[in-house]
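# Report on the structure
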Amino acid sequence: MIADVLADAASRMDKAVEMAKDDFATVRSGRANPQLFQKVLVDYYGTPTPLAQLASINAPEARSLIVTPYDKSALKAIEQAIRDMPNLGVNPTNDGNIVRITMPELTQERRKEFVKLVRSKGEDAKVHLRGIRRKIKDDLGALGSDVGEDELARAEKELDAVTRSHVDEIDDALKRKEAELLEV
């Protein structure tokens, strides 16, 4: 029973770390990256639809992206959704077939803002991990009548070790993203 609870904790924490890394990828660094538009929702016939389902995104150059919609009627909606995306500061152009996005150079001030944003996302991810830890610890406490105190104490130490390793993983991803952002 304890092993199942700990395995559940590890898998939930793995998912939380992956979500944090995906979140970090949506923050713009110096290069144009299709992952920046991972969370863009386009109003497609009244339904918020992820951009990846409506178009292909390519990076032909270091600072430009080309969005090729599968349905040409969605071109205006895609352009508007990209323009409304916060923290990007891009102005897409539409030539009737594709949407071309040129990423402006990042100023030092803007880079520092992005570092603050990434740190905040990292802290949110760590809070989420701690919430998972708290929930699993409660689940272990509920098993207290079925297992001995020694087993419970060992399981809590194991849970703490798993939590610590996942927090370290988030910290490492955060350091890499900060270095990427501050690189000129």
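Calculation notes
Residues numbered from 1 in each chain as written. Predicted model: local features only at pLDDT ≥ 70, side-chain atom pairs only at ≥ 80, totals over all residues. Heavy atoms only, no water. Axes fitted to C-alpha atoms, helices over the stretch in contact; angles between N-to-C directions. Helix = DSSP H or I, 4+ residues; strand = E, 2+ residues; numbered from the N terminus. Parallel < 35°, antiparallel > 145°, perpendicular 65-115°, else oblique. Contact = heavy atoms within 4.5 Å. Nonpolar A, V, L, I, M, F, W, Y, C, P; charged D, E, K, R; others polar. Phe/Tyr/Trp six-rings, centres within 6.5 Å; stacked < 30°, edge-to-face > 60°. Buried < 20%, exposed > 50% of the residue type's maximum accessible area, 1.4 Å probe, protein only. Pairing = 2+ DSSP bridges. Core = buried A, V, L, I, M, F, W, Y, C linked by side-chain atoms within 4.5 Å.

Any two packed helices are characterised by how steeply their axes cross, that is the angle between the axes, and by the distance between the axes. Where helix α1 (residues 2–25) contacts helix α4 (residues 108–142), the axes come no closer than 10 Å and their chain directions differ by 170 degrees. The angle between α1 and α4 falls in the class roughly antiparallel. Between α1 and α4, the residues in contact are Ile 2, Val 5, Asp 8, Ala 9, Arg 12, Met 13, Ala 16, Ala 20, Asp 23 and Phe 24 and Val 118, Lys 121, Gly 122, Ala 125, His 128, Leu 129, Ile 132, Arg 133, Lys 135, Ile 136, Asp 139 and Leu 140, respectively. A per-class count over the contact of α1 with α4 returns 13 nonpolar, 2 polar and 7 charged.

So, about the packing of aromatic side chains. Considering all chains together, one arrives at 1 aromatic pair under this definition. Both rings, one in Tyr 44 and one in Tyr 45, keep their centres 4.8 Å apart while their planes meet at 65 degrees; by these two values the pair is edge-to-face. The exposure class assigned to Tyr 44 is partly exposed, which follows from its relative accessible area of 23%. The exposure class assigned to Tyr 45 is exposed, which follows from its relative accessible area of 64%.

On to the sheet that holds strand β4 (residues 64–69). Strand order in the open sheet formed by 4 strands is β3-β4-β6-β5, and the pairing between neighbours is antiparallel. Single-partner strands in this sheet number two, and they are β3 (55–61) and β5 (93–94). Both β3 and β4 contribute to a ladder of 5 bridges, which runs antiparallel. Each bridged residue has a counterpart across the sheet, and for Asn 58 the counterpart in β4 is Ile 66. Sheet strands touched by helix α3 (residues 75–84): β3, β4, β5 and β6 (99–102). Its angle to β6, the strand with the most contacts, is close to 15 degrees.

What follows concerns the nonpolar core. Membership of the largest hydrophobic core comes to 28 residues, with the highest contact counts inside it found for Leu 140, Leu 159 and Ile 170. Counting residues per element, the ones that place at least two in this core are α1, α4 and α5 (149–182). The element best represented in this core is α1, accounting for 9 residues. When neighbours within four sequence positions are excluded, Ile 170 is seen to be in contact with Val 17, Ala 20, Phe 24, Gly 122, Ala 125, Lys 126 and Leu 129. Within the second largest apolar cluster, 21 residues are counted, among which are Phe 37, Leu 54, Ile 57 and Val 67.

Treat this as a map of the structure, not an account of what it does.
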